[in-house]
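Chain by chain, the residues:
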Amino acid sequence: MSLSNEQLERYSRHIILKQVGGKGQEKILSGKVLVIGTGGLGAPAAMYLAAAGVGTIGLVDFDVVDLSNLQRQIIHQSQDVGKAKVDSGRETIAAMNPDVKVYTYNELVTAANIKDIIRDQEYDFILDGTDNFPAKFLINDACVMLRKPFSHAGIIRFQGQTMTYVPDAGPCYRCVFREPPPKDAVPTCRQAGVLGVMGGILGTLQATEALKYILGVGELLTGYLLTYDALSMTFRKVKLPRSGDCAVCGEHPSITQLFDYEKPTCEFGK
Amino acid sequence: MSIQANKFIDITDLVCPITFVKTKITLEEMEDGEILEVRLNGGEPVENVPRSLKEEGNKVLELTRNEDGTYTLFVEKGDLP
């Protein structure tokens with residue numbers, strides 16, 4: 001691959017960086033990232049990845065754009081209300097950067113389809129932008145089984161957290177959280193609310209991790225959970241050990257096949 | 001005695017920072033120790049390009065002003081990533 005004059009100009013601020021250069025930008029252009037959920041986290045993440053020139057981006061979402069999404073899901077515009085989120089996302093990316101090829105999966109991730117979606121374009125890195133525990137555990141388990149690195153994040157109210165899983169390099173999401181909390185123990189964004197910018201902060205941190213992974217530079221958030229509290233404006237980086245008896249990535253895993261936890265009822269309640 | 005360059009580029013038709021971007025991309029394709037000759041404009045390019053090249057570990061061997069107001073730069077590829 002050799003960069004066109006237009007690409008030299010479009011990506012000049014990347015190429016100038018010592019850690020990127022023309023070769024790094026070529027890696028980004030060959031990079032393949034799957035964004036699961038095009039909501040608060042996935043929207044800004046997908047947009048920055050597209051702007052950066054990630055050549056292949058997959059978008060997974062079963063939902064349609066709702067007016068109440070627009071306060072934070074910036075990949076969707078007012079005129080997109082009622083449209084499938086993956087279509088709205090694809091249109092925004094197409095308008096941003098013609099170098100990006102977008103693949104869309106207009107479905108809910110389940111134990112039955114997630115491996116096929118990840119394998120569809122042999123994605124290098126998965127970004128979890130979902131808003132519920134069943135999906136987060138499913139993505140974790142699938143990535144552990146397929147040995148794919150992924151970025152986890154969650155946001156609620158004025159708080160957010162993120163961690164990065166890389167096979168053999170640190171704990172998985174299940175090492176840390178083991179099981180979804182009991183139903184209704186933790187409210188969803190729909191019930192609890194979320195400051196719109198939280199998706200921007202955490203989603204762009206996830207996009208940063210994806211780009212660093214593709215470039216092979218710096219240190220990833222493997223073995224750490226980064227938490228952010230917007231009210232006190234505090235970031236905390238907490239060291240996390242791997243769990244030897246983890247049910248999915250431990251020495252004797254009890255989870256060897258994917259399964260779905262029951263979704264919270266409000267997921268389909270609207 | 002003039003320096004023998006392995007490659008030559010003319011970046012007088014470019015503006016900053018594309019001047020440096022083009023030079024950097026060209027050097028990436030060359031071997032350590034090889035020499036690139038660059039024709040560039042005065043003003044911003046001549047102030048910025050040699051400095052940025054040095055910051056990335058290359059060696060600026062010579063910079064001379066030409067009669068037409070442009071500059072000629074000889075740079076030896078150094079420790080680029």
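Everything numeric here is computed off the predicted structure, so don't read it as measured data.

## A few points about the sheet that holds strand β2 (residues 56-60) of chain A
Residue and element names in this part refer to chain A.
So, step 1. Pairing is mixed in the open sheet, where 8 strands are placed in the order β3-β2-β1-β4-β5-β6-β7-β8. If you trace the sheet from one side to the other, it starts and ends with β3 (101-105) and β8 (234-239), each paired once. Direction aside, the axes of adjacent strands within the sheet are offset by 15° on average.
So, step 2. As paired elements, strand β7 (residues 224-229) and β8 share 6 bridges and run antiparallel to each other. Residue T227 lies in a different strand from β8, and its bridge partner there is R236.
So, step 3. Across the sheet, helix α5 (residues 85-96) touches β2 and β3, and the angle it forms with β2 is around 155°.

## A closer look at the interface of chain B and chain A
One widely used convention gives an interface's size as the accessible area the parts lose upon coming together.
So, step 1. On the side of chain A, 13 residues touch chain B, which itself brings 12 residues to the contact.
So, step 2. When chain B packs against chain A, close to 1100 Å² is buried across both sides, 62% of that on carbon and sulfur atoms.
So, step 3. On the chain B side of the interface with chain A, the three residues burying the most area are B:I18, B:V21 and B:E28, jointly 36% of the side's total.
So, step 4. Summed over the shared surface of chain B and chain A, the number is 0 salt bridges.
So, step 5. Where chain B packs against chain A, one counts 5 residue pairs in polar contact (both at pLDDT 80 or more).
So, step 6. Grouping the amino acids of the side of chain B that touches chain A by side-chain chemistry returns 6 nonpolar, no polar and 6 charged.

The rules behind each value
Residues numbered from 1 in each chain as written. Chains lettered and ligands numbered in written order. Predicted model: local features only at pLDDT ≥ 70, side-chain atom pairs only at ≥ 80, totals over all residues. Heavy atoms only, no water. Pairing = 2+ DSSP bridges. Helix = DSSP H or I, 4+ residues; strand = E, 2+ residues; numbered from the N terminus. Axes fitted to C-alpha atoms, helices over the stretch in contact; angles between N-to-C directions. Contact = heavy atoms within 4.5 Å. Buried area = accessible area lost by both parts, 1.4 Å probe. Salt bridge = Lys/Arg side-chain N within 4 Å of Asp/Glu carboxyl O. Polar contact = N/O pair within 3.5 Å; in protein donor to acceptor, adjacent residues only side chain to side chain. Nonpolar A, V, L, I, M, F, W, Y, C, P; charged D, E, K, R; others polar.

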